[in-house]
Amino acid sequence: MLKSLQEQFPVFRDCLPLAIGIDKALLARMPEIEKKVLRIALSLHTHSMRYLRATEKASHRFDLDGNQAEALTEEHRKHASDTIRERLKKQAEERRAQQKAEQEAEAARVRTEKLTALAEKFSRK
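Every chain is numbered independently, its residues counted from 1 as its sequence is written. Only residues with pLDDT of 70 or above have their local features reported here, since the model is predicted, and side-chain atom pairs are shown and tallied only from 80 upward, although totals for entire chains, interfaces and linings are computed over all residues. Note that the side-chain values use all heavy atoms of the structure and ignore hydrogens as well as water.

1. Describing helix α3 (residues 22–29)
And step 1. Burial here depends on accessible area, computed with a 1.4 Å probe over protein chains only, as a share of the maximum for the residue type. Under 20% is buried, over 50% is exposed, and the range in between is partly exposed. Secondary structure is summarised from DSSP: a helix means a run of H or I of at least four residues, a strand means a run of E of at least two, and numbering begins at the N terminus for each. For α3, the complete set of buried residues consists of I22, D23 and L26. What you see down the axis of α3 is that its buried residues fit within an arc of 100°, all on one side. The exposed residues of α3 that point more than 90 degrees off its buried face are K24 and A28.
And step 2. Note on definitions: a residue-residue contact is assigned when non-hydrogen atoms from the two residues lie within 4.5 Å. Contacts from the buried residues of α3 go to α1 (2–8), α2 (10–13), α4 (35–46) and β1 (60–62). Taking the helix axis as origin, the arc is that swept by the directions to the C-beta atoms.

Shown next, in the form of structure tokens:
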């Protein structure tokens, strides 16, 4: 669905901030679309980092034809910035946790190798 929207509408392909009520405009142009599927596709699109970064810097929203619609409020730009910051912070925390787990696994492996070597050394006698 999202690929189809990106092919048909430059506003999706270019990740421009979407006009409020774009779902209604889409349903009017494409009545065969299921509302639930459309809402999921719009959610995926509007929560992408690319869309959030574009929204953070934009001054206006755009309709399906790529024409400027209403101005983008500072509140919406701030929400996009906050969401990006939170997501990057969470990703950094996950990376640190992954690195820590890898380091602990490596330390355990080295410790096991040393213990095995010591056991072999002293068990020969």
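The structure having been displayed, the exposition proceeds.
2. Thoughts on the pairing of strand β2 (residues 68–71)
And step 1. Bridging between β1 and β2 involves two bridges; their strand directions are antiparallel. Considered in β2, the bridge of H60 is made with A71.
And step 2. If DSSP finds at least two bridges between two strands, the strands pair. In this structure, the hairpin formed by β1 and β2 is closed by a connection of five residues, where G66 is found at a positive phi of approximately 90°.

3. Examining the nonpolar core
And step 1. Here, the term nonpolar core denotes a set of buried Ala, Val, Leu, Ile, Met, Phe, Trp, Tyr and Cys residues that are joined through side-chain atoms within 4.5 Å. By size, the foremost hydrophobic cluster in this structure holds 15 residues, and its most contacted members are L5, F9, F12 and L26.
And step 2. Those elements that provide at least two residues to this core are α2, α3 and α4.
And step 3. No other element matches α4, which puts three residues into this core.
And step 4. Residues in contact with F12, not counting those within four places in the same chain, are L2, L5, Q6, L18, L26, L42, H45 and L64.

4. Quick word on unusual backbone geometry
And step 1. Non-glycine residue C15 carries a positive phi angle of around 55°.
And step 2. In this fold, C15 is placed in the loop between α2 and α3.
And step 3. Under the relative-accessibility criterion, C15 is labelled buried at 4%.

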